[in-house]
Amino acid sequence: LDIPEGALPDWSDAWFDLWRRRFEDARTGLLEQRGAALEAAGHPAAARQIALRLLGLRPTDESVHLRLMRLMVAEGDLAGARQQFERCHQLLADE
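Residues numbered from 1 in each chain as written. Predicted model: local features only at pLDDT ≥ 70, side-chain atom pairs only at ≥ 80, totals over all residues. Heavy atoms only, no water.

### Regarding the confidence of the model for the protein
With 88% of its residues at a pLDDT of 70 or more, the protein has an overall mean of 88. The element-level mean pLDDT for the protein is lowest in helix α1 (residues 14-40), coming to 89, with helix α3 (residues 62-74) highest at 95. (pLDDT = per-residue confidence, 0-100. Helix = DSSP H or I, 4+ residues; strand = E, 2+ residues; numbered from the N terminus.)

Structure, rendered in structure tokens:
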């Protein structure tokens, strides 16, 4: 199942806002489910790619940062996990 990338058209009509939110919520939910399934199946590299997509959609979501760090550790990328922690810490401090 392909989960679409990109945004919906930038229509400014108020009626479209609800549909845009529904689409983004559905896409995010599917990505979360796929990432969790890949992680549970022992595929941290694939799950990491999903986490990066989620991070692009929700850059201030601490749970996505934590998942990404956990996946990096599972792959043995301790330096990357530490760098991700620092990015998350800085991003949240700036908010």
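### What to know about the packing of aromatic side chains
Taken as a whole and judged by the stated rule, the model has zero aromatic pairs. Of note, Arg22 hangs over the ring of Trp19, and the distance from its end group to the ring centre comes to 4.8 Å. (Phe/Tyr/Trp six-rings, centres within 6.5 Å; stacked < 30°, edge-to-face > 60°. Lys NZ or Arg CZ within 6 Å of the ring centre and 35° of its normal.)

### Some words on the side chain of His65
In this structure, His65 sits in helix α3. If we ignore the near neighbours within four places in the chain, the residues touching His65 are Leu55, Pro59, Gln84, Cys88 and Leu91. (Contact = heavy atoms within 4.5 Å.)

### Considering the nonpolar core
Core analysis: the largest hydrophobic core is formed by twelve residues, namely Leu31, Ala47, Ile50, Ala51, Leu54, Leu55, Val64, Leu68, Met69, Leu71, Met72 and Ala81. If you list the elements that add at least two residues to this core, you get α2 (44-57) and α3. Among residues more than four places away in sequence, those in contact with Leu68 are Arg48, Ala51, Leu52, Leu55 and Gln84. (Core = buried A, V, L, I, M, F, W, Y, C linked by side-chain atoms within 4.5 Å. Buried < 20%, exposed > 50% of the residue type's maximum accessible area, 1.4 Å probe, protein only.)

### Side note on α1
Here α1 contains 27 residues, and its C-alpha end-to-end distance of 40 Å stays within 8% of the 39 Å for a straight helix at 1.5 Å per residue. Looking at α1, one finds that the buried residues are Phe16, Arg20, Arg27, Thr28, Gly29, Leu31 and Gly35. (Expected span 1.5 Å × (residues − 1).)

### Describing helix α4 (residues 78-94)
Quick reminder: α-helices carry 3.6 residues per turn. Residues three or four places apart thus point the same way. Compared with the 24 Å implied by 1.5 Å per residue over 17 residues, the 24 Å span of α4 between its first and last C-alpha is a close match. Every buried residue of α4 is listed here: Gly80, Ala81, Gln84 and Cys88. The arc that holds every buried residue of α4, seen down its axis, measures 100°, which confines them to one face. Of the exposed residues in α4, the ones pointing more than 90 degrees away from its buried face are Leu78, Ala79, Arg82, Ala93 and Asp94. (Arc of directions from axis to C-beta.)

### Re the pattern of salt bridges
Summed over the entire model, instances satisfying the criterion amount to eight salt bridges. A salt bridge links Glu39 to Arg70; the shortest N-O distance between them is 2.6 Å. A residue pair is termed long-range when its members are at least 10 positions apart, and Glu39 in helix α1 and Arg70 in helix α3 qualify at 31 residues. Residues Glu75 and Arg48 are paired through a salt bridge, measuring 2.7 Å at the closest nitrogen-oxygen approach. Note that Glu75 is positioned in the loop between α3 and α4 and Arg48 in helix α2, a separation of 27 residues in sequence. The class of Glu75 is partly exposed, set by a relative accessible area of 34%. A residue is classified by how much of its surface remains accessible, and Arg48, at 18% relative accessible area, is buried. Salt bridges sharing common partners tie together Glu32, Arg58 and Asp61. (Salt bridge = Lys/Arg side-chain N within 4 Å of Asp/Glu carboxyl O.)

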